[in-house]
Structure formats: structure tokens, C-alpha cells
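# Chain and residue survey
For reference, the chains in residue letters:
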Amino acid sequence: MSEPYSVRVTVRGYETDVQGHLNQAVYLNYAEHARWSLLQEAGITQSRLQAHGVGPVALETTIRYKRELLAGDEVDVSCVFHWGGGKTFTIEQTVTKTDGTVAAEVSAVGGLLDLEKRKLVANPRDVFRGLTKDAALFGL
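Residues numbered from 1 in each chain as written. Predicted model: local features only at pLDDT ≥ 70, side-chain atom pairs only at ≥ 80, totals over all residues. Heavy atoms only, no water.

## Quick word on the pattern of salt bridges
Per the stated rule, a full pass over the model turns up seven salt bridges. Between Arg8 and Glu74 there is a salt bridge, with the nearest N and O atoms lying 3.8 Å from each other. Taken together, the positions of Arg8 in strand S1 (residues 5-10) and Glu74 in strand S3 (residues 74-83) put the pair 66 residues apart, joining distant regions of the chain. Exposure remark for Arg8: the relative accessible area of 46% places this residue in the partly exposed category. According to the relative accessible area criterion, Glu74 is partly exposed, its value standing at 36%. Between Arg129 and Asp126 there is a salt bridge, with the nearest N and O atoms lying 3.3 Å from each other. Taken together, the residues span about one helical turn, with Arg129 and Asp126 both in helix H3 (residues 124-131) at a distance of three residues. Several salt bridges share partner residues, and in doing so they unite Arg8, Glu74 and Asp76 into one network. (Salt bridge = Lys/Arg side-chain N within 4 Å of Asp/Glu carboxyl O. Helix = DSSP H or I, 4+ residues; strand = E, 2+ residues; numbered from the N terminus. Buried < 20%, exposed > 50% of the residue type's maximum accessible area, 1.4 Å probe, protein only.)

Set out below in C-alpha cells:
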């Protein structure tokens, strides 16, 4: 995939804190929004995941705040999957202002939960490949 998947978000006033910048927890919402947008673009809906007996789970998330965001700022939130050989994968995301300034970097470790067994599936890469209409969105 030549360009990472990205979705544009506008910072809303009610998402800011007393200092006037984007509340720290909202960065997680933006990252989650970008991940679900990617899944939707790939043809993977929540109902489709449930029908296949799996659901994505977050196991670890790290946010590096670089620059503040203010109400009205527009940002692009990218999403790049990195696959290992096991039950987990990493998603690297960048929150970038339209002028190119990086506001935050989000790194998340995730997996796919077998909804019946309540355990991670052995190879989430294969499950995503089987469910998607565009494997390139997942770097596959």
C-alpha cells in the first residue's frame, strides 16, 4: 500500500479542556474512529465480524502528544497495520494537522477475540484477509 489509510476529523469545541486544547482522552476516540473507518472501507462491519464470531480488541495503547490541537483544527488520522507471526498485530497511527504538523502518534497492540471461546484467534491476519474486500488496506 503506497499511502496509509487516513480519515479527516475536525476538533469540536466540546472536546477541548480548560486550556482550550483537545482533551487527552479524545485522541483515543479519533484513533478508534480511524480504525473503524478503515474496517468499513474494507467491507468489514461490526455485524460481519459478529457473524464470523470474532471482534477486535485493544490490548495496549500508547499516545505520544506532539502539538496541541484547538477547536476548529482539522486533522488527518492515519492507520497502518503491522503483522507479526502470532495472535497480535500493531496499528501505528499519526494525527496530523492539515499544515503537516504531527499532533500525536498512537501505537496500539490489538488482536481478534473469538467471541465464543473468549480467547484470541491464532492468526488474525488470515481472518482479516478472509473478511476484507481490500487486503491492501491491512498491508496484506
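## Some points on the pairing of S3
Note that S1 and S3 share six bridges and pair antiparallel. Counterpart to Arg8 in the pairing with S3 is Asp76. Linking S3 to strand S4 (residues 88-97), which pair antiparallel, is a turn of four residues. (Pairing = 2+ DSSP bridges.)

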